[in-house]
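Topology and contacts: notes
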Amino acid sequence: MRLYSVSNAAYNECRDFLALDQSEQSVGRNTDNHAPVDMIQVNSRLKELVKTGHLNGARQLFDGLRHRDVVTWTTIISGYVKACDSLEALSLFSRLYSEPNLRVDPFVLSVALKACGVNLNLIYGELLHGYSLKTGLMNSVFVGSALLDMYTKNNRIREGRRVFVEMPLKNVVCWTAIITGLVHSGYNNEGLRCFSEMGRVGEEYDSYTFAIALKACADMGALNYGREIHAQAIKKGFDISSYVANVLATVYNKCGKLEYGFSLFERMRTKDVVSWTTIITTYVQMGREENAISAFGKMRDSEVCPNEYTFAAVISGCANLGRLKWGEQLHAHVLCIGLVASLSVANSVMTMYSRCGHLNYASMVFHGMMRRDIISWSTIIAGYAQGGCGEEAFKFLSWMRREGPKPTEFALASVLSVCGNMAILEQGKQLHAHVLSIGLEHRAMIRSALINMYSKCGSIVEASRIFNGKEKDDIVSWTAMINGYAEHGHSEEAIQLFEQIPKVGLRPDPVTFIGVLTACSHAGLVDLGFHYFNLMSQEYGIKPSKEHYGCMIDLLCRAGRLSDAENMIRSMPYKRDDVVWSTLLRACREHGDIDCGRRTAEKILELDPNCAGTHITLAHIYAAKGRWREAADLRKLMKSKGIIKEPGWSWIKIQDRVSAFVAGDRSHPEGDYIFDILDLLASSKEEVTLQELGFLLFDA
């Protein structure tokens, strides 16, 4: 399947500026002489250029004008705001302010305030607030709406509310602006209360008001409230609006009513780019990536042009599926049409390459970005961290701290996981100190990452201390602590902790059950393990995954119930891979069960005929029972097939440097010194003097 066939001819842009040039020359001739200029005609032409996206042409026309009125200035400033060039927009506004024959009116002031919101320029916005109070323009509903929008976009919710309360006149735009600000800042309950208050004072809702209120319901998972608003939208006739219908579909999808959301999509009279993007994004979020790809194909057939958010969603679907070829096709296409500069697209492309194991390509995308947001940095750090490249992850984190935005909990949690996986406690402690200094230690993701890091580094006491801090209100931290206890063999503590979860008002998730089943496995508690395994579906409605079956098989194997383990493998409702069979094979070696071991080895070799570990383990089973001929035959078979056991390796960190060692390898830069000390320690001398050992260590 091909998502796109890349062709240069397919992406040639048709730029016909002949009519544009003629019009500009005509207007320019009128401005070159001293004849009166028809400002209505000039402003109309300027507005048309801005509206059609020809901002450079509009600026040339603007700069060539001898006479400009406030409408002219408003039009060109709004053009730069729409193009997200807020700095130039505010620069032009400053020039307008200094014009002696012109006065700032409410419309141009509201556009300037919008620029402050887009650029998050709070200081300039506060100056404009003061100017509006001094000049009396604050009484304008346009200025008030723009001002509260500016404050909420700068995360100054309190100031935005104050502006709203003090406005003498309020219309639907003002109400929608305050509701939007509250919802986008995460204050969904307050936003819905404002929505209700708006209805009580008799202000009519419009499609945008319904849409933002429905978004709040979607974010909260408030299905019943969403249904009430849906009913109001039907009464007002706004349910047929594609804008409202799109958000309605999102509400039902996020609240688990997928079929209803999909049926709303199918009943839409006109499916625009937002409709298609919503359904594709929903499929990806629900783990139905194949459906997302299919919907993307139908969208192309419908001749609706995808936007940057559509591409970001479908590329994320390719990342989740690990479909590198599809991702590469989409990457090539967005390069051709110029959307790769979009942050959402570039971040999705980075994620796709990282998950497909091509970190070098992800790094190339990152380095080629003209601008980066917090997601860009977190994505590349997480990619290297999850790819096992701890050193690179640390380098990007250091770069982020020097030149990028303040590291988020996601980026820090990713690097903390590297510290845990590599058992480098010292770096983990340094990151812990940094987390404390920036006040993120109480975030659920950080707390669970710290618990996990200390547990994997062997410091279970420190992990327990963090868990027993002030807050215990998230299941992620409980799960991390249960897993930590289980990995350290503290099964009793893990089980006791699991039993407390319902008492504190939390619900265990699938990962929590993996932790408690692991604890039962290490303690040999077979009956209790089956109790928890059944509890998942009966009490919490969680369908056991392949990982849960793996825990139960390990539990049975450790208890010596190999026949039960084999039966569970054969009856599990998942594809039986070499992982579960290898668990059983190791148990067969430990318990000396030759027959079960032979059957298990055959199953593994069907999946991987050249698995060296399987041949060697089965040979050890034969040897342990004195069946030397069968063991020798297996060794000969390995030799004839050219099967070689992968050498083991280990690592050690000394003075911020990680050194890896492979069995039989002497390529380490200081290998001669290392092996001299090993030879000395393993020598037949009865004594090794401290002077000899110290001399060699000092030399190394």
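Overview of the structure. (Residues numbered from 1 in each chain as written. Predicted model: local features only at pLDDT ≥ 70, side-chain atom pairs only at ≥ 80, totals over all residues. Heavy atoms only, no water.)

1. Quick word on the side chain of His 331
Here is the rule: Where helices and strands are cited, they refer to DSSP runs of H or I of at least four residues and of E of at least two residues respectively, numbered from the N terminus. Relative accessibility thresholds used throughout: buried, under 20% of the residue-type maximum; exposed, over 50%; partly exposed, between the two (1.4 Å probe, protein chains only). Working rule for contacts: check all heavy atoms of both residues, and any pair within 4.5 Å makes them a contact.
On the secondary structure map, His 331 appears in helix 19 (residues 324-337). You can call His 331 buried: its relative accessible area is 13%. Apart from the residues lying within four places of it in its own chain, the contact partners of His 331 are Val 340, Val 349, Tyr 353 and Val 365.

2. Concerning the environment of Ser 571
Here is the rule we go by: N or O atoms within 3.5 Å of each other form a polar contact, as long as, within protein, one can give a hydrogen and the other can take it, and as long as residues adjacent in sequence are counted only when both atoms are side-chain atoms.
Relative to the assigned elements, Ser 571 resides in helix 33 (residues 562-571). The class for Ser 571 is exposed, based on a relative accessible area of 56%. Here the side chain of Ser 571 touches Asn 567 through a polar contact of 3.0 Å, landing on its backbone oxygen.

3. Some remarks on helix 36 (residues 612-624)
Selection criterion: Helices are assigned an expected span. That span is 1.5 Å times one less than the residue count.
Here helix 36 is 13 residues long and its end C-alpha atoms lie 18 Å apart, about the 18 Å a rise of 1.5 Å per residue gives. Every buried residue belonging to helix 36 is among Ala 612, Thr 614, His 615, Ile 616, Thr 617, Leu 618, Ala 619, Ile 621 and Tyr 622, and all of these are buried.

4. Quick notes on helix 19
Given a rise of 1.5 Å per residue, 14 residues ought to cover 20 Å, and the 20 Å separating the end C-alpha atoms of helix 19 matches this to within 8%. Turning to helix 19, its buried residues are Trp 326, Gly 327, Gln 329, Leu 330, His 331, His 333 and Val 334. Close packing links the buried residues of helix 19 with helix 17 (289-301), helix 18 (308-321), helix 20 (343-355) and helix 21 (359-368).

5. A closer look at a positive patch on the surface
Rules: Without a salt bridge and with relative accessible area above 30%, a residue can belong to a patch; like charges are then joined within 9 Å and nonpolar side chains (Val, Leu, Ile, Met, Phe, Trp, Tyr) within 5 Å. The Shrake-Rupley method, run with a 1.4 Å probe, gives the accessible areas here. Residue values count only the displayed protein chains as cover. Counted as salt bridges are all cases of a side-chain nitrogen of Lys or Arg within 4 Å of a carboxyl oxygen of Asp or Glu. When charges are counted, neither His nor the chain ends are considered; positive counts come from Lys and Arg and negative counts from Asp and Glu. Lys charges are placed at NZ, Arg charges at CZ, Asp charges at CG and Glu charges at CD.
A grouping of Lys 47, Lys 51, Lys 82 and Lys 114 is seen on the molecular surface, where their side chains present a positively charged patch. Relative to the helices and strands, Lys 114 is located in helix 6 (residues 106-118). Taking the relative accessible area as the measure of exposure, Lys 114 reaches 43% and is therefore partly exposed.

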